[in-house]
Amino acid sequence: VLVDHLRDFAALERLLHLAGSGSVVLAGLPVEDPAGAVERILEMGAEASAVAESLGLLVFSRSIRKLCPLCRRRVAQGWEPVGCSSCSRGFSGEAAFHDIAVGGGALAQALRSGARGPQLRASVRAACPPELAKTLEAWAESGLILRGDL
């Protein structure tokens, strides 16, 4: 089951039921990071235990502006955009970044125990492979992206 944009509790409730009965459910939510997806689902009224039981994998994707390789400038904190005739504002295109968080285990336990706020966000972050955060850091260090966009 694929839902482009999860908008209301009624749809969420149906999707949780389907996921709980073994169906594969994919749903889009406009959020800033993987933890935001879990927080948003709970804010929509889902029971934490239902989310803990049905959440298998969170996939988060976003576009990150790429610094122009022709005019970017190295500074003490990393890199900064300059702007040239090729890019005009210091950026040239975008890079896609995808992050994942694996459900179950400690994340499911945190949900069942009522974790919210920073504790829930830490549990979601712990469920994300650390290599992905290292990739973003490497991109910033090499000048591909602006550190402030992380």
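Preceding block: the structure.
Description of the structure in this document. (Residues numbered from 1 in each chain as written. Predicted model: local features only at pLDDT ≥ 70, side-chain atom pairs only at ≥ 80, totals over all residues. Heavy atoms only, no water.)

## Re the side chain of serine 54
No. 1: Relative to the helices and strands, serine 54 is located in helix 3 (residues 48-54).
No. 2: Polar side-chain contacts of serine 54 include one of 2.7 Å to the backbone oxygen of alanine 50.
No. 3: Ignoring any residue separated from it by four or fewer positions in sequence, one finds serine 54 in contact with Leu16, Ala19 and Gly20. (Helix = DSSP H or I, 4+ residues; strand = E, 2+ residues; numbered from the N terminus. Polar contact = N/O pair within 3.5 Å; in protein donor to acceptor, adjacent residues only side chain to side chain. Contact = heavy atoms within 4.5 Å.)

## Quick word on helix 4 (residues 105-112)
No. 1: Taken as a whole, helix 4 has its buried residues at Leu107, Ala108, Ala110 and Leu111. Burial along helix 4 is one-sided: seen end-on, the buried residues are contained in an arc of 160 degrees. Among the exposed residues of helix 4, those oriented more than 90 degrees off its buried face are Gly105 and Ala106.
No. 2: Buried residues along helix 4 sit against helix 2 (34-43), helix 3, strand 6 (91-102) and helix 5 (117-126).
No. 3: Just downstream of helix 4 lies glycine 114, where phi reads positive at about 85 degrees. (Buried < 20%, exposed > 50% of the residue type's maximum accessible area, 1.4 Å probe, protein only. Arc of directions from axis to C-beta.)

## Regarding a nonpolar patch on the surface
No. 1: A cluster of nonpolar residues, Leu2, Val24 and Leu26, forms a patch on the protein surface that exposes about 350 Å² of accessible area.
No. 2: Relative to the helices and strands, leucine 26 is located in strand 2 (residues 26-27). (Patch = residues over 30% accessible without salt bridge, like charges linked within 9 Å, V, L, I, M, F, W, Y side chains within 5 Å. Areas by Shrake-Rupley, 256 points an atom, 1.4 Å probe, with all protein chains shown as cover. Salt bridge = Lys/Arg side-chain N within 4 Å of Asp/Glu carboxyl O.)

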